Amino acid sequence: MIAAATTLAQVLCCIGLGAALMSALRLSISGNPVLHWSVAFTVGHGILGWLLFIIGMAGLFTPGPVAVLLAAGVALFILTWRTAPRVGLAVPQADAVTLILLALLAVVVFLDAMEALAPAADADSLAYHFDLPKQFIGAGRIFFIGVPLEGAVPLLTHIGYVPVLMLGGEESLTLWTMISGWSAAAVLYGVCRIHTGAAMALVAALLFLTTPAVVYGAGSGQVEARIAGFAMVAAWSTAEAIRTGNLRYAVLGGMGAGFFMASKYTGALFCAAAGAMIMMQKRWLAMGLVFGISGLAAGAQWYGWNWLHTGDPFFPVLFDWIGRENLDFWSKDYNAYFKDVYFAAENPLAKTVINFLLLPVYATFNLMNMVDAGRVGLGPFPLLAAPFAVVAAVRLRRRIAASPLFIYLLIAGLFYAVWFVIGGSMRVRHLVPVLPILLVVLCVAAARISDVRPYRLVFALAVAATLALQTAGHAVFARQYITAALTGESKDAFLYHNLRGYNAIRWVNENLDRNDKVLVFIRELRFYMQVPSFFAGIVQAQVGLDPERNDPETLYRELRTAGVTHAILNRPADGPGVDVNAPYQPPINILLGTGCLQLLHRAEGPAITSRTLGTVEQQEYFDIYALRDETCLQGGVQ
Amino acid sequence: VKPSLLQNTVAIVLGCWVVAVLILYVLQYRSIIGIIARKFGLS
């Protein structure tokens, strides 16, 4: 009950903050209530993240100030709801197609709700999306985490998890990710309603909600589905600013792009794309200045934070050139090594014109080792619908230049181009933020030629097949959550089946305390661990664990300097030692040979290769060791 | 309005495109789709 109330308060707070801003800007979207309130929620979500950054910086991450902030937002909601101009509550004409689509929407909502009611189990979320807010709450403030990719990055969306987790607990957090994960679909529906009927707008929203990458990420702590709302607001506001010449839309557009920038580095690329579009008009200087200032005001805080602590606002992208020399957690030598390894893994394609043109094909069919293109890709719809947009463009060629759809397409296209050329990672999932913008273009273009019956029928086939495939995938994804809800499975039982090494976490929580620090190599162990941990992946430079390492004394001292007291290591099923498949095997085996690691406990659990597909073929074993005092080094390697 | 010959021709091309993409998509993901089908007792 408290969890649901906290989530509801945060939702109303976001709507209140956003509606207050829209009221201050005298922006009201009459006749389109879904767009009005979804834009209010999305912008308010960004404002909440900004205010939480200030509160966190001030060391006020305690229940009192955070509750006051939520209460103030709820008060603004009540005020704006009462005083907002009538935006109308037009109920769409419910023909048979609309009713079928509404029924499908109800199924999607049910599947998402099942996920929200289960404990969080997504690996990245447990590794850092949810663990960072937990750490900030524990410290009562924001503090700098000198780790690339999962610490020293823009954290506006992550900070939004703080109030629900602090005041409502884990249940409130997963309810929040469910609702905030819907926000982009709501804005998408609202924008489509400007151009099409309710049925096509519902089609667009459903296509987005059932996209594999969205099913995978929206209900977890992954940020892309939430960022998609910011991008959608920015694209719509930019098009409105160009259409009306009204600077107020430039403010809103800049803020939407800025909130994207404050949530992910790729947002800076999006700001450039949307900013370039808003400059393409007569009032380019005024519009550009207003857009740019709004964007920086909304989105520069985390870049300043990184610059303050590392010298590099885009840490670690520019660290080679402008990074500080005297950092104890990072060096320019290690930065070069890290970038070599990371960029090689994340960029399977050479940056050529052919690959630029064919990447959507590779992404759709999971070719060329594209990262995240398979089970968490973008689905077949963009490729299916692209020719319909071409036909519409040919037919309506004289009206294209004046259409807001053209602006949307250019923003999405520019973002894609810049992302392809200078983006750090080619993960297909990173395109989710601009997917709704593309869906608006594709669905509205199809609607524009739907007066021709054969076109309409073929498009209906493409939509029906996509929704059938994607909804089936969504149902399989939610199957474990539905089973857990129907059987009343306990949290421990659920996590045992869905989280690698959960039994090791339970032992650590029962036997160690806050004065200990556990070395982990599986980063998703961190969120449920009530003992401090140290993740020894490539994202840290304090403890060297590369395979060539053969000096146990240095390794021992680095672990001690990092505060490590214990370690959780995979072990083979048939004996002691370290799993030969573990990348850290050579140096850790050398340390084991010195006797510096004392075995305390052996835990076992299912070796989970896919939670969704339930592929568990064998048991997995974890040894929990204590790091002994340094007299262990005197005996040499045994 | 009765579609013109050109519109019918374009619609046939669009239809072929949609069917081809769907077939390739299903073939490419047949292993996952097979697992999904088994989960629902369809194969």
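Procedures and definitions
- Residues numbered from 1 in each chain as written.
- Chains lettered and ligands numbered in written order.
- Predicted model: local features only at pLDDT ≥ 70, side-chain atom pairs only at ≥ 80, totals over all residues.
- Heavy atoms only, no water.
- Helix = DSSP H or I, 4+ residues; strand = E, 2+ residues; numbered from the N terminus.
- Buried < 20%, exposed > 50% of the residue type's maximum accessible area, 1.4 Å probe, protein only.
- Contact = heavy atoms within 4.5 Å.
- Areas by Shrake-Rupley, 256 points an atom, 1.4 Å probe, with all protein chains shown as cover.
- Lys, Arg positive; Asp, Glu negative; His and termini not counted.
- Charge placed at Lys NZ, Arg CZ, Asp CG, Glu CD.
- Salt bridge = Lys/Arg side-chain N within 4 Å of Asp/Glu carboxyl O.
- Buried area = accessible area lost by both parts, 1.4 Å probe.
- Core = buried A, V, L, I, M, F, W, Y, C linked by side-chain atoms within 4.5 Å.
- Expected span 1.5 Å × (residues − 1).
- pLDDT = per-residue confidence, 0-100.
- Axes fitted to C-alpha atoms, helices over the stretch in contact; angles between N-to-C directions.
- Parallel < 35°, antiparallel > 145°, perpendicular 65-115°, else oblique.
- Left-handed = near helix turned anticlockwise from the far one by under 90°.
- Nonpolar A, V, L, I, M, F, W, Y, C, P; charged D, E, K, R; others polar.
- Disulfide = S-S within 2.5 Å.
- Phe/Tyr/Trp six-rings, centres within 6.5 Å; stacked < 30°, edge-to-face > 60°.
- Lys NZ or Arg CZ within 6 Å of the ring centre and 35° of its normal.

A. Seen up close, the overall build of chain A. In terms of regular secondary structure, chain A is built from 26 helices and five strands. Dimensions of chain A, computed from the C-alpha atoms along their principal axes, are close to 85 × 55 × 45 Å. Residues counted as buried form 60% of the 638 residues belonging to chain A. Sequence separation of at least 24 residues holds for 73% of the intrachain contacts in chain A that already meet a minimum separation of 6. Carbon and sulfur atoms make up 62% of the accessible area of chain A, which totals about 25100 Å². Once the 41 positive and 39 negative side-chain charges of chain A are each reduced to a mean point, those two points are 16 Å apart.

B. Quick peek at the environment of A:A562. Checked against the element boundaries, A:A562 lands in the loop between α25 (552-561) and β3 (566-571). Spatially, the C-alpha atoms of A:A562 and A:F329 are 9.9 Å apart, while their sequence positions differ by 233 residues.

C. Expanded view of the pattern of salt bridges. Residue and element names in this part refer to chain A. Enumeration over the complete set of coordinates arrives at 19 salt bridges over all chains. The salt bridge involving D124 is made with R523; its shortest N-O contact spans 2.8 Å. Taken together, the residues D124 in helix α5 (residues 123-129) and R523 in the loop between β1 (518-520) and β2 (533-535) connect sequence positions 399 residues apart. By relative accessible area, which is 15% here, D124 ends up buried. By relative accessible area, which is 21% here, R523 ends up partly exposed. For R427, the salt bridge goes to D372, with nearest N and O atoms at 3.3 Å. Taken together, the residues span a long stretch of sequence, with R427 in the loop between α20 (404-422) and α21 (435-448) and D372 in the loop between α18 (353-365) and α19 (381-395) at a distance of 55 residues. The exposure class assigned to R427 is partly exposed, which follows from its relative accessible area of 22%. Each of E224, K264, E346, D372, R427 and R429 takes part in a single network of salt bridges with overlapping partners.

D. Region of interest: unusual backbone geometry. Residue and element names in this part refer to chain A. With an omega of 5°, the peptide bond running from F315 to P316 counts as cis. The phi torsion at N366 lies on the positive side, around 55°, for a residue other than glycine. With respect to the helices and strands, the residue N366 is situated in the loop between α18 and α19. Its identity is not glycine, yet M368 carries a phi of approximately 60°, on the positive side. When you line up the elements, M368 lands in the loop between α18 and α19. Overall, M368 belongs to the partly exposed group, its relative accessible area being 44%.

E. Representation of the interface of chain B and chain A within the structure. Listed per partner, the contact involves 22 residues of chain B and 30 residues of chain A. Overall, the association of chain B and chain A removes approximately 2400 Å² of surface from exposure, summing both partners, and the carbon and sulfur fraction of that is 80%. Summed over the three residues of chain B that lose the most area to chain A, namely B:L14, B:Y25 and B:K39, the buried surface amounts to 25% of that side. Joining chain B to chain A, the criterion identifies zero salt bridges. Of all the elements in the fold, those that place two or more residues in the side of chain B that touches chain A are α1 (5-28) and α2 (30-39) of chain B. Top contributing element to the side of chain B that touches chain A by residue count: α1(B), with 14 residues.

F. Quick peek at the nonpolar core. All names here are of chain A. V39, F61, F208, F270, Y408 and I568 are the most contacted members of the largest nonpolar core, which totals 215 residues. Excluding anything up to four places from it in sequence, F208 contacts A184, A185, L188, V214, A225, A228, V432, L435, P436 and L439. Ranked by size, the runner-up nonpolar core spans 23 residues in total, among them L555, A562, Y584 and C596.

G. Layout of α1(B). Along its 24 residues, α1(B) runs 34 Å from first to last C-alpha, staying within 8% of the 34 Å computed at 1.5 Å per residue. Considered for burial, the residues of α1(B) that qualify are B:A11, B:L14, B:G15, B:V18, B:V21, B:L22 and B:Y25. Those residues of α1(B) that are buried lie in contact with α18, α19 and α22 (453-487) of chain A.

H. Representation of the confidence of the model for chain B. When pLDDT is averaged across chain B, the result is 88; 95% of the residues are at 70 or more. Interface confidence for the predicted complex, expressed as ipTM, amounts to 0.93; the pTM equals 0.95.

I. How the structure looks around the packing of helix α11 (residues 224-244) of chain A against helix α13 (residues 266-278) of chain A. All names here are of chain A. For the pair α11 and α13, the least separation of the axes is 9 Å and the interaxial angle reads 10°. With respect to α13, the axis of α11 lies roughly parallel. The way α11 lies across α13 gives a crossing that is right-handed. Of the residues in α13, those in contact with A231, A234, T238, A241 and I242 of α11 are F270, A274, M277 and I278. The residue inventory of the contact of α11 with α13, partitioned by class, reads eight nonpolar, one polar and no charged.

J. Spatial organisation of the state of the cysteines. Residues and elements named next belong to chain A. The final tally for this structure, using the stated rule, is one disulfide over all chains. Disulfide pairing places C596 opposite C632 at an S-S distance of 1.9 Å. Taking the sign of the S-S torsion, 95° for the link of C596 and C632, the bridge is right-handed. Of this pair, C596 sits in the loop between α26 (585-594) and β4 (597-610) while C632 sits in the segment after β5 (615-627); the two residues are 36 residues apart in sequence, bridging distant segments of the chain. Free cysteine: C14, not disulfide-bonded; nearest cysteine sulfur from C13 at 5.4 Å. Here C443 is not cross-linked by a disulfide; its sulfur's nearest cysteine counterpart is in C192, at 5.7 Å. Relative accessible area serves as the criterion here: at 0%, C443 is assigned to the buried category.

K. Spatial organisation of the packing of aromatic side chains. Residue and element names in this part refer to chain A. According to the stated counting rule, one finds 38 aromatic pairs over all chains in the structure shown. A ring pair is formed by F270 and F415, whose centres lie 6.0 Å apart and whose planes are at 65°; its orientation type is edge-to-face. With F270 in helix α13 and F415 in helix α20, this pair connects stretches of sequence that are 145 residues apart. Residue class for F270 comes out buried when judged on its relative accessible area of 0%. Taken together through their ring pairs, the aromatic side chains of F144, F315, F319, F329, W330, Y334, Y337, F338, Y342 and F343 make up a single cluster. Above the ring of F527, the side-chain terminus of K134 is found at 5.4 Å from the ring centroid.

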